[in-house]
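# An overview of the molecular structure
The residues making up each chain are set out below.
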Amino acid sequence: MDVRHGGLVIDVPEGWADQSTLLFVAPPEAVSAPTANKSVQATEVVAVRFAFGDEGADARAALQKEAAAMAAGDAQFAVLAEGAFTCGLGTGWRAIQRVTIGGIALRQISCAVVVGAVTVIATATAADARFDKQQAQLERVLASMRAVGGAR
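The text that follows walks through the structure, step by step, so that each part is easy to find. Position numbers for residues count from 1 along each chain, tracking the sequence in the order it is written. Reporting of local features is limited, given that this is a predicted model, to residues whose pLDDT is at least 70; pairs of side-chain atoms are given and counted only at 80 or more, and all residues count toward the totals for whole chains, interfaces and linings. Side-chain figures throughout are based on the complete set of non-hydrogen atoms in the structure, without hydrogens or water.

## Thoughts on the overall build of the protein chain
- A run of H or I in DSSP becomes a helix once it reaches four residues, and a run of E becomes a strand once it reaches two; helices and strands are each numbered from the N terminus. Across its full length, the protein chain carries two helices and eight strands.
- Within the span of the protein chain, comprising 152 residues, buried residues form 31% of the whole.
- Contacts in the protein chain between residues at least 24 apart in sequence constitute 48% of all its contacts with a sequence separation of at least 6.
- Method for areas: the Shrake-Rupley scheme with a 1.4 Å probe, in which residue coverage is limited to the protein chains shown. Only carbon and sulfur atoms are counted for the fraction: they give 57% of the accessible area of the protein chain, which is about 9500 Å². When accessible area is computed with a 1.4 Å probe and restricted to protein chains, residues below 20% of their type maximum are described as buried, those above 50% as exposed, and intermediate ones as partly exposed. Here, two residues are considered to be in contact whenever any of their heavy atoms come within 4.5 Å of each other.

In structure tokens form, the structure reads like this:
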């Protein structure tokens, strides 16, 4: 099987699963006052992964499956809103959810779009306390997903 991501091509045996993940991290927020020890500031993250399966898969079902898995690991997990999602790859589904990881409250926008036999699942995450301020930017990043050569 010929797998391509950007400029990389690799031949893997049939039946192997591609579990590639792309991870984009925002720069830390500038600290306004000088400090002796620079502390790590909260930052936003966008992760994109690819699920290979049957053509005609359901984007909403993919996100619901992910939500069920997250709820099993976090009793405080909650889907806050969900609805249709559109980006340069097509129309799919999105969910805004609250999750706690390592004792840190986070909010995420997860979206899924089915392109042929590939479901693209992207999740934009921010600390719960920063989410309202960062939501519009995170949504713009997710909406910008498109195929190579696609319109912006």
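Structure shown, so let's carry the discussion forward.
## Here's the deal with the sheet that holds strand β3 (residues 21–25)
- Paired strands, in this sense, are two strands between which DSSP finds at least two bridges. Reading across from one edge, β3-β4-β8-β7-β6-β5 is the order of the six strands in this open sheet, with antiparallel pairing throughout. Across the chains shown, the open sheet's two edge strands, defined by having one partner strand only, are β3 and β5 (78–87). When strand polarity is set aside, the average angle formed by the axes of neighbouring strands in this sheet is 20 degrees.
- Note: strand β4 (residues 45–52) against strand β8 (residues 118–127), eight bridges, orientation antiparallel. A fitted line through C-alpha atoms represents every axis, and for helices the fit uses only the stretch in contact; the resulting angles, taken between N-to-C directions, go from 0 to 180 degrees.

## Some details on the pairing of β8
- Among the ten residues that make up β8, ten are buried, leaving the element largely enclosed by the rest of the structure.
- Both strand β7 (residues 104–115) and β8 contribute to a ladder of ten bridges, which runs antiparallel. Paired with Val114 across the strands is Thr119, a residue of β8.
- The antiparallel hairpin formed by β7 and β8 contains two residues in its connecting segment, where Gly116 sits at a positive phi of about 65 degrees.

## Notes on the side chain of Thr123
- Along the polypeptide, Thr123 turns up in strand β8.
- A polar side-chain atom of Thr123 sits 3.0 Å from a polar atom in the side chain of Ser110.
- The contact partners of Thr123, leaving out residues within four places of it in the chain, are Val45, Val46, Ala47, Gln108, Ile109 and Ser110. What qualifies as a polar contact is a pair of N or O atoms within 3.5 Å, subject to a donor-acceptor requirement within protein and to the restriction that residues adjacent in sequence count only when both atoms come from side chains.

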